[in-house]
Amino acid sequence: MQHFPIFLNLRGRTVVLSGGGEAALAKLRLLMKTEATLRVFAAEPCDDLRTLAADGRIALAERALQPGDVTGAALFYAADEDADEDARTAAIADAEGALVNIVDNLEDSQFITPAIVDRDPVTVAIGTEGAAPVLARAIKRDLEERLPPVLGLLAKIGKLFRPAAERLPMGRARRDFWADYYFDAGPRAYEAEGEDGANAALEDLLDRHLSRSAQDGHVDFVGAGPGDPELLTLKARVALDKADVVIHDRLVAPEILELARREALLVDVGKTGFGPSAAQDDINAAIIEHASQGAHVVRLKSGDPTVFGRLDEEIEAVEAAGVAWRIVPGITAASAAIAGLGQSLTKRERNSSVRFMTGHDMKGFAEQDWRALARPGEVAAVYMGKRAARFVQGRLMMHGADPATPVSFVENASRPDQRVVEATLGDMADALSDTPLDGPVLTFYGIAPRRARAEAAAFEQEMAL
Ligand code: SAH
């Protein structure tokens, strides 16, 4: 984004224009919607400009702009439609401290004027950084049709009602109330009975919304996938888009959090303050606190929420509080990591079952059925297995597993910085000390990266060097 959109308060400010023709008039039509003082310099102003001046809408000086004319102005428009004259006036304005726009000259302009949909006080500004003016016009047309013309009036009436609406719990309840007003009850009432109708509709709507159950909140336990935002499910995207509150783990990538509704409250429960693991009660409390105020809470967990996510503890707490919930599955790290290896999780004549296991649990390194796993052809996806690598290696060797059994580590699966380290059971712990991996790592026991793929990657790397 090269141009940052802002709304500038022009009350009591001056905007200066140089130009006496159509370009100047077009900008003035927009600027006259604001409360700015408008000063126009034009050696030969057109009749329309003279009329505006006679009506007191603008201050018109019938001469070319000179140094000193822009002092103290907030904005300056060079609208002479003459490259040399525009450059001359723009230089003066720049020296005198105004932000400069040269009409139809994106390159030399310090700001640009967006396409505007005006439902004052609701204003939609559309910009394409000059890349696609046609698109801007199409979006404007679309919005013009979609936003009822009375929206501005409804907003003015609604503004006065905001304190009363605060009786509704924050979040979805309040949002639903306003959506009903602006897009349904409000326009209908205004059309039928004008301003009084809109006011009555607000009172009536508030009563109806207040009598709805305060327990409207609910919790979605959503899988954020392994990191690549494109591996989110559509359901997860919709949930994020509607969320009032997003309570997320540290592992959830920032690109995914950006998909949350802009007004959503983001709560990071992976950070200190919530502590590493003992704070599950605090997490439960945060979920329930928001949901029982009527909020739509998204509890966002990396990968799939049902895999090593302590999901049941959270569900039990939510159930106990009488809050509705559902699970939105996600792509688990093992699925992303195996894709990174170019292999499949199960394979005819190699393995007909896979274990998902964790390297450690709350009590320390996690014990497994090592004897069963040590048999030839077994495959396991080990979560949280980095620190436990030497432990897993020791246990499997002790139970007679072949030291030549392939082991693969996939760090940051599905992310741009994904890395694969290939090892065997015999050297897996050393391989990890030789190549320290800082990101989350999925360990595959019993599967090597597909050879052709590993070689192609090595070749590509060599070519890049
Ligand atoms: N619910 C998650 C797992 C949470 S446990 C899921 O379904 O994926 C956290 C462990 O998941 C990490 O220690 C790591 O082993 C694994 N993990 C999560 N994201 C990963 C990724 N992008 N790449 C590799 N491993 C990952």
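Please read all numbers here as calculations on a predicted model, not as lab measurements.

About the cut-offs
- Residues numbered from 1 in each chain as written.
- Predicted model: local features only at pLDDT ≥ 70, side-chain atom pairs only at ≥ 80, totals over all residues.
- Heavy atoms only, no water.
- Pairing = 2+ DSSP bridges.
- Helix = DSSP H or I, 4+ residues; strand = E, 2+ residues; numbered from the N terminus.
- Axes fitted to C-alpha atoms, helices over the stretch in contact; angles between N-to-C directions.
- Near = heavy atom within 4 Å.
- Polar contact = N/O pair within 3.5 Å; in protein donor to acceptor, adjacent residues only side chain to side chain.
- Areas by Shrake-Rupley, 256 points an atom, 1.4 Å probe, with all protein chains shown as cover.
- Domains from an automatic or database assignment.
- Buried < 20%, exposed > 50% of the residue type's maximum accessible area, 1.4 Å probe, protein only.
- Contact = heavy atoms within 4.5 Å.
- Patch = residues over 30% accessible without salt bridge, like charges linked within 9 Å, V, L, I, M, F, W, Y side chains within 5 Å.
- Salt bridge = Lys/Arg side-chain N within 4 Å of Asp/Glu carboxyl O.
- Phe/Tyr/Trp six-rings, centres within 6.5 Å; stacked < 30°, edge-to-face > 60°.

Draft legend 1. A look at the sheet that holds strand E12 (residues 324-328). Spatial strand order, E10-E9-E11-E8-E12: five strands in an open sheet with parallel pairing. What marks the edges here is a single partner per strand, and that holds for strand E10 (265-268) and E12. The sheet shows a mean angle of 20 degrees between the axes of neighbouring strands, direction not considered. As paired elements, strand E8 (residues 218-223) and E12 share five bridges and run parallel to each other.

Draft legend 2. Expanded view of the site of the ligand. Not every one of the 18 residues close to the ligand is listed here, only the nearest: Asp304, Val307, Thr332, Ala413 and Val441. Between the ligand and Ala413 there is a distance of 2.8 Å, counted from a nitrogen atom to a backbone nitrogen or oxygen. In this structure, a nitrogen atom belonging to the ligand sits 3.4 Å away from a main-chain N or O atom of Leu442. Out of a free accessible area of 540 Å², the ligand has 92% covered by protein chains. Of the domains in this structure, domain 4 (218-330) and domain 5 (334-459) are the two that each give at least three residues to the shell around the ligand.

Draft legend 3. Spotlight on the environment of Ala78. Mapped onto the fold, Ala78 is located in strand E4 (residues 75-78). Its relative accessible area of 0% is what places Ala78 among the buried residues. It is 65 Å that separates the C-alpha atoms of Ala78 and Phe444, two residues lying 366 residues apart in sequence. Excluding its chain neighbours within four sequence positions, the residues that come into contact with Ala78 are Ser18, Asp86, Thr89, Asn101, Ile102 and Val103.

Draft legend 4. Quick peek at a nonpolar patch on the surface. Side chains of Met1, Phe4, Ile6 and Leu8 sit close together on the surface and give an oily, nonpolar patch of about 550 Å² of accessible area. In this fold, Leu8 is placed in the segment before strand E1 (14-18).

Draft legend 5. How the structure looks around the pattern of salt bridges. Going through the model one piece at a time under the given rule, you end up with 25 salt bridges. The salt bridge involving Arg50 is made with Asp47; its shortest N-O contact spans 3.8 Å. With a gap of three residues between them, Arg50 and Asp47 both fall in helix H2 (residues 47-54), about one helical turn apart. With a closest N to O distance of 3.7 Å, Arg208 and Asp204 form a salt bridge. Within this pair, Arg208 and its partner Asp204 are both found in helix H6 (residues 172-211), separated by four residues, close to a single helical turn. The class of Arg208 is partly exposed, set by a relative accessible area of 46%. In this structure, a network of salt bridges that share partners links the residues Arg175, Asp244, Arg261 and Glu263.

Draft legend 6. Representation of unusual backbone geometry in the model. Residue Asp120 is joined to Pro121 through a cis peptide bond whose omega torsion reads 10 degrees. Residue position: Pro121 is located in the loop between strand E6 (115-119) and strand E7 (122-126).

Draft legend 7. Geometry of the sheet that holds strand E13 (residues 355-358). The strand order across the open sheet built from five strands is E13-E16-E19-E17-E18, with neighbouring strands paired in mixed fashion. The sheet terminates laterally at E13 and strand E18 (419-424), the two strands that pair on one side only. Between one strand axis and the next, the sheet turns through 20 degrees on average, direction left out of account. Sheet topology places strand E17 (residues 406-411) next to E18; six bridges connect them, and they run antiparallel. Each residue of the ladder has a partner; that of Ser408, found in E18, is Glu422. In this fold helix H11 (residues 333-341) packs onto E13, strand E16 (380-383), E17, E18 and strand E19 (441-445), with an angle of close to 70 degrees to the strand it touches most, E19.

Draft legend 8. Up close: the packing of aromatic side chains. With the rule as written, the count across this model stands at 11 aromatic pairs. Ring centres of Tyr77 and Phe111 lie 5.4 Å apart, and the angle between their planes is 80 degrees; this geometry places the pair in the edge-to-face category. In this pair, Tyr77 is assigned in strand E4 and Phe111 in the loop between strand E5 (99-102) and E6, connecting sequence segments 34 residues apart. Of the two residues examined, Tyr77 and Phe111, each falls in the buried class. Ring centres of Trp370 and Phe391 lie 5.8 Å apart, and the angle between their planes is 80 degrees; this geometry places the pair in the edge-to-face category. You can see Trp370 sitting in helix H12 (residues 370-373) and its partner Phe391 sitting in helix H13 (residues 389-398), a full 21 residues away along the chain. Take Trp370 and Phe391: they sit in the same class, and that class is buried. Three or more aromatic residues joined by ring pairs make a cluster, and in this case those are Phe161, Phe177, Trp178, Tyr181 and Tyr182.

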